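Commentary on secondary and tertiary structure
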Amino acid sequence: MEFQHVPVLLQEVLDGLAIRPDGIYVDGTVGGAGHSREIAKRLTAGGQLIGFDRDPDAVAAATERLAGYPATVVHHNYDEMQTVLTEMGLAPVDGVLLDLGVSSHQLDEESHGFSYHTDAPLDMRMSQTGMTAEELVNTISEEKPIHTTLELAELIKSGVPQKVRRMKNPCKKSFQAIRIAVNGEFEHLEAGLQAAFSVLKVGGRLAVITFHSLEDRMVKRQFAAWCQGCICPPDFPQCVCGRTPEAKLVTRKPIVPGEAELAQNNRSRSAKLRVLERSR
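Parameters and conventions
- Every chain begins its residue count from 1, and numbering advances along the sequence as written.
- Thresholds applied to this predicted model are a pLDDT of at least 70 for local features of residues and 80 or more for the giving and counting of side-chain atom pairs; totals over whole chains, interfaces and linings are not thresholded and use all residues.
- Note that water and hydrogens are dropped before the side-chain values are worked out from all heavy atoms of the structure.
- A strand pair is defined by DSSP finding two or more bridges across the two strands.
- By the criteria applied, helices consist of DSSP H or I runs no shorter than four residues and strands consist of E runs no shorter than two, each listed in order from the N terminus.
- The convention used is that axes are lines fitted to C-alpha atoms, helices contributing only their stretch in contact, and that angles between N-to-C directions extend from 0 to 180 degrees.
- Polar contact criterion, stated in full: a pair of N or O atoms within 3.5 Å, where within protein one must be able to donate a hydrogen and the other to accept it, and residues adjacent in sequence count only if both atoms are side-chain atoms.
- Note on terminology: a nonpolar core comprises buried Ala, Val, Leu, Ile, Met, Phe, Trp, Tyr and Cys residues joined through side-chain atoms within 4.5 Å.
- Relative accessible area decides the class of each residue, using a 1.4 Å probe on protein chains only: under 20% of the type maximum gives buried, over 50% gives exposed, and in between gives partly exposed.
- Residue contacts are counted whenever heavy atoms from the two residues lie within 4.5 Å of one another.
- Angle categories: roughly parallel below 35 degrees, roughly antiparallel above 145, roughly perpendicular from 65 to 115, and oblique for all the rest.
- Handedness of a helix crossing follows the sense of rotation of the near helix relative to the far helix, less than a right angle counterclockwise being left-handed and clockwise being right-handed.
- Residues are grouped as follows: nonpolar covers Ala, Val, Leu, Ile, Met, Phe, Trp, Tyr, Cys and Pro; charged covers Asp, Glu, Lys and Arg; every other residue, Gly included, is treated as polar.

Quick notes on the sheet that holds strand E1 (residues 24-27)
Each strand in a sheet pairs with its neighbour through backbone hydrogen bonds, running either in the same direction (parallel) or in the opposite one (antiparallel). The strand order across the open sheet formed by seven strands is E3-E2-E1-E4-E5-E7-E6, and the pairing between neighbours is mixed. Strand pairing shows two members of the sheet lacking a second neighbour, strand E3 (71-74) and strand E6 (247-249), which therefore form its edges. Within the sheet, the average angular offset between the axes of one strand and its neighbour, ignoring direction, is 20°. For E6 and strand E7 (residues 272-278), the ladder comprises three bridges, and the chain directions are antiparallel. When the sheet's bridge partners are listed, Lys248 is paired in E7 with Glu277.

Quick look at the environment of Arg65
With respect to the helices and strands, Arg65 occurs in helix H3 (residues 56-65). Linking Arg65 and Thr132, residues 67 residues apart in sequence, is a C-alpha distance of 29 Å. At 3.1 Å, the side chain of Arg65 and the backbone oxygen of Gly32 are in polar contact.

Some words on the nonpolar core
Counting 28 residues, the largest nonpolar core has Met81, Leu85, Val96, Leu98 and Leu206 as the members making the most contacts within it. Those elements that place two or more of their residues in this core are E1, strand E2 (48-52), helix H4 (81-88), strand E4 (93-99), helix H10 (185-198), strand E5 (200-210) and helix H11 (213-226). With five residues, the single largest contributor to this core is H10. Once residues within four sequence positions are removed from consideration, Leu85 is found in contact with Val26, Ile50, Phe52, Leu90, Ala91, Val93 and Val199.

Description of the packing of helix H7 (residues 149-158) against helix H9 (residues 171-183)
Interhelical geometry of H7 versus H9 gives an angle of 125° and a closest axis separation of 10 Å. Of the possible angle classes, the one that applies to H7 and H9 is oblique. Here H7 runs over H9; the crossing is right-handed. Within the contact between the two elements, H7 uses Thr149, Leu152, Ala153, Ile156 and Lys157 and H9 uses Cys171, Ser174, Phe175 and Ile178. Of the residues that constitute the contact of H7 with H9, the class distribution is six nonpolar, two polar and one charged.

Functional significance is not addressed by these values, which are geometric in nature.
Structure (structure tokens):
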């Protein structure tokens, strides 16, 4: 299957990153290069884009689609960007994009086992290496061996009341939780946010697109921590800590897709974009 990727909140991302033609930008989750190609199109002499992805299919697809542009794609997880960019002599950078979640290709490629609508091996590995979802669920319980996505889906459905099944598919959150555990998504996000901020130059921007409340909460809290100044107790007459904000918010509230984008791309419905700018 061809690696498809419809970039979510594309214009909002480009505006948020405030692309400079001679800037250095990082797409930490390059996927099918939807965002990356549009960023790279805006770069001229001296400008450069570095794309990261742990999925070898994404690396191959993005490399092909970015051919002819000032861009390089590397097969690394985004939480490794500080080390990789330093070795490449490209840090600090002008902007970093993290488009979290699962790509359309990964959802639609049955062999990856992310979907509960089709029968496939219970895999769910974004990197195609390491522990599979099958190994995870069969380690947790030995009561019933589970080998495919539909076997797991039927087991989940059988464990909830009929009323719940009529209201919405109960598999969604369970599959999401297993996918998050298999891929260590929260651990990578926590480390990846720190890595991304560390490579930003003063005035550089970090844009993050989230797709569910748990990861959005992590991003929101970390952004708030970087933007916090004085941490003295409120009853102190004046500041003694001397702490100043490391960043400022570009978006006070998360940006969400408009009606036109929702009509064209239903998978964008849960997307939220947050952007900050490093100030010291």
